[in-house]
Amino acid sequence: MIPYIEIPSFPLFGPLAIQPFGVLVASSILIGSWFAQRRAFQEGVDIEEIRTALAWAVVPGFIGAHWVAILFYHP
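Note that the structure is predicted; figures quoted are calculated from it, not measured. (Residues numbered from 1 in each chain as written. Predicted model: local features only at pLDDT ≥ 70, side-chain atom pairs only at ≥ 80, totals over all residues. Heavy atoms only, no water.)

> Looking at this model, I keep getting lost on the packing of aromatic side chains. Mind explaining?
All chains considered together, the criterion is met by 1 aromatic pair. Where Trp34 meets Phe35, the ring centres are 5.0 Å apart and the plane angle is 65 degrees; that geometry is what we call edge-to-face. Trp34 sits in the partly exposed class, given a relative accessible area of 48%. (Phe/Tyr/Trp six-rings, centres within 6.5 Å; stacked < 30°, edge-to-face > 60°. Buried < 20%, exposed > 50% of the residue type's maximum accessible area, 1.4 Å probe, protein only.)

> What should I look at first to understand the pairing of strand β1 (residues 10–13) in this one?
For a regular strand, side chains alternate in direction, first toward one face of the sheet and then toward the other. Pairing of β1 with strand β2 (residues 16–18), which is carried by 3 bridges, proceeds in the antiparallel orientation. What sits directly across from Phe13, in β2, is Leu16. Counting the residues in the hairpin turn of β1 and β2 gives 2 residues, including Gly14, whose phi is positive at 60 degrees. (Pairing = 2+ DSSP bridges. Helix = DSSP H or I, 4+ residues; strand = E, 2+ residues; numbered from the N terminus.)

> Is there a simple way to explain the packing of helix α1 (residues 20–43) against helix α2 (residues 47–73) in this structure?
Two quantities define a packed helix pair, namely the angle between the helix axes and the distance between the axes. The interhelical angle for the contact between α1 and α2, taken along N-to-C directions, is 155 degrees, at an axis separation of 9 Å. Comparing their axes, α2 and α1 come out roughly antiparallel. Between α1 and α2 lies a crossing of right-handed hand. Counted together, Val25, Ile29, Ser33, Ala36, Gln37, Ala40 and Phe41 of α1 and Ile47, Ile50, Arg51, Leu54, Val58 and Phe62 of α2 form the full contact between these two elements. (Axes fitted to C-alpha atoms, helices over the stretch in contact; angles between N-to-C directions. Parallel < 35°, antiparallel > 145°, perpendicular 65-115°, else oblique. Left-handed = near helix turned anticlockwise from the far one by under 90°. Contact = heavy atoms within 4.5 Å.)

> Is there a simple way to explain a nonpolar patch on the surface in this structure?
Residues Val59, Ile63, Trp67, Val68, Ile70, Leu71, Phe72 and Tyr73 make up a contiguous nonpolar surface patch of roughly 870 Å² in combined accessible area. Here Ile63 shows up in helix α2. (Patch = residues over 30% accessible without salt bridge, like charges linked within 9 Å, V, L, I, M, F, W, Y side chains within 5 Å. Areas by Shrake-Rupley, 256 points an atom, 1.4 Å probe, with all protein chains shown as cover. Salt bridge = Lys/Arg side-chain N within 4 Å of Asp/Glu carboxyl O.)

> Would you explain the environment of Glu6 in this entry?
Within the fold, Glu6 resides in the segment before β1. Exposure remark for Glu6: the relative accessible area of 61% places this residue in the exposed category. Glu6 sits 14 residues away from Pro20 along the chain, and the two C-alpha atoms are 9.9 Å apart.

Below is the structure:
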């Protein structure tokens, strides 16, 4: 059985807090984009094309994930 561990959020000020899952998401996007840009440089692909592709992947991904959460998890 896998144990359930709840990691608390880190309060900043007022209602704002840093969520551990948000830190994981942000770090994965930054590290993944760094790897993609490094690979594009190795293959001779224009860096601006990769940055545009990353933006077209991340922004609609967040919007789609939000809609899925609204429609299916919290109808």
